[in-house]
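Survey of secondary and tertiary structure
Next come the chains, spelled out residue by residue.
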Amino acid sequence: MFQPQVNRIAPGMPVQAYQTFQITTPHDTQLKAACEQVDCQARRYGWESAIDESTPLGQAQAAYIRTQAGRTFHEQKRGDGLTVFRFEAGQRCFAEHFTRPEIYAVRDGDWRGNPTGRARTHQRPADWVEDFGEHQLRLVDQQQKG
């Protein structure tokens, strides 16, 4: 397998002076996701489902929508015999969505290694962003102090 050579700037400080902030996603993992997590267009704008109630499948689908779906809709019969259910925006659609999880990691060191072995994983993206921001402020303060 071809591995491209990485050109790196030589670090100006020892590995102990660095901290690495990293966001990764496992390649082989998918999780069920809510409409909000995947920016579902049906949830954002609403959607229509045209159901043919002349078939057993269509009758079952229409019955489910009317009695069990738990979603807000308006119903209209079309001239071609189909029933159109218009679902309002802001509610969960009928699709099954998936996403890949993200891992928000922070560890001591850089590409040369982690000399202390210290590493942590944030549970929420906002916590990782806050940690990164605080680290940047510490660097600015140290630079200003000389």
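Here the structure is a predicted model, which is why all the values come from computation and not from measurement. (Residues numbered from 1 in each chain as written. Predicted model: local features only at pLDDT ≥ 70, side-chain atom pairs only at ≥ 80, totals over all residues. Heavy atoms only, no water.)

Thoughts on the state of the cysteines
For clarity, the cut-off: Note on terminology: disulfide denotes any pair of cysteine sulfur atoms within 2.5 Å. Remark: exposure states derive from per-residue accessible area (1.4 Å probe, protein chains only) relative to the maximum for the residue type, with buried under 20%, exposed over 50%, and partly exposed in between.
Using the criterion set out here, one finds zero disulfides in the structure. No disulfide involves Cys35; its sulfur sits 3.7 Å from that of Cys93, the nearest cysteine. For Cys35, a relative accessible area of 3% puts it in the buried group. Sulfur of Cys40: no disulfide; nearest cysteine sulfur belongs to Cys93 and is 3.7 Å away.

Here's the deal with the packing of aromatic side chains
The geometry of an aromatic ring pair is captured by two quantities: the separation of the ring centres and the angle between the planes. Let me state the cut-off plainly: The pairing test for Phe, Tyr and Trp rings, Trp by its six-membered ring, is centres within 6.5 Å, and the orientation test on the planes gives stacked under 30 degrees, edge-to-face over 60, and tilted for anything in between. Only DSSP runs of H or I reaching four residues or more are called helices, and only runs of E reaching two or more are called strands; each is numbered from the N terminus.
All told, the structure shown has ten aromatic pairs when counted by the stated rule. Aromatic pair Phe21 and Phe132: ring centres 5.1 Å apart, planes at 80°, arrangement edge-to-face. Within this pair, whereas Phe21 is found in strand β1 (residues 19-24), its partner Phe132 is found in helix α3 (residues 125-145), the two being separated by 111 residues in sequence. Phe21 sits in the buried class, given a relative accessible area of 16%. Given a relative accessible area of 32%, Phe132 falls into the partly exposed group. Centroid distance Trp47 to Phe87: 4.6 Å. Interplanar angle 15°. Geometry classified as stacked. Within this pair, whereas Trp47 is found in strand β3 (residues 47-51), its partner Phe87 is found in strand β5 (residues 83-87), the two being separated by 40 residues in sequence. The exposure classification of Trp47 matches that of Phe87, with both residues buried. Every member of this aromatic cluster is reached through a ring pair, and the members are Trp47, Tyr64, Phe73, Phe85, Phe87 and Phe94.

With respect to the pattern of salt bridges
The test is simple: Here, a salt bridge means any Lys or Arg side-chain nitrogen found within 4 Å of an Asp or Glu carboxyl oxygen.
With the rule as written, the count across this model stands at eleven salt bridges. Note that Arg66 and Glu53 form a salt bridge whose closest N and O atoms lie 2.9 Å from each other. In this pair, Arg66 sits in helix α2 (residues 56-67) while Glu53 sits in the loop between β3 and α2, placing the two residues 13 residues apart along the sequence. If you follow the salt bridges from partner to partner, you end up with Glu53, Arg66, Glu75 and Lys77 in one network.

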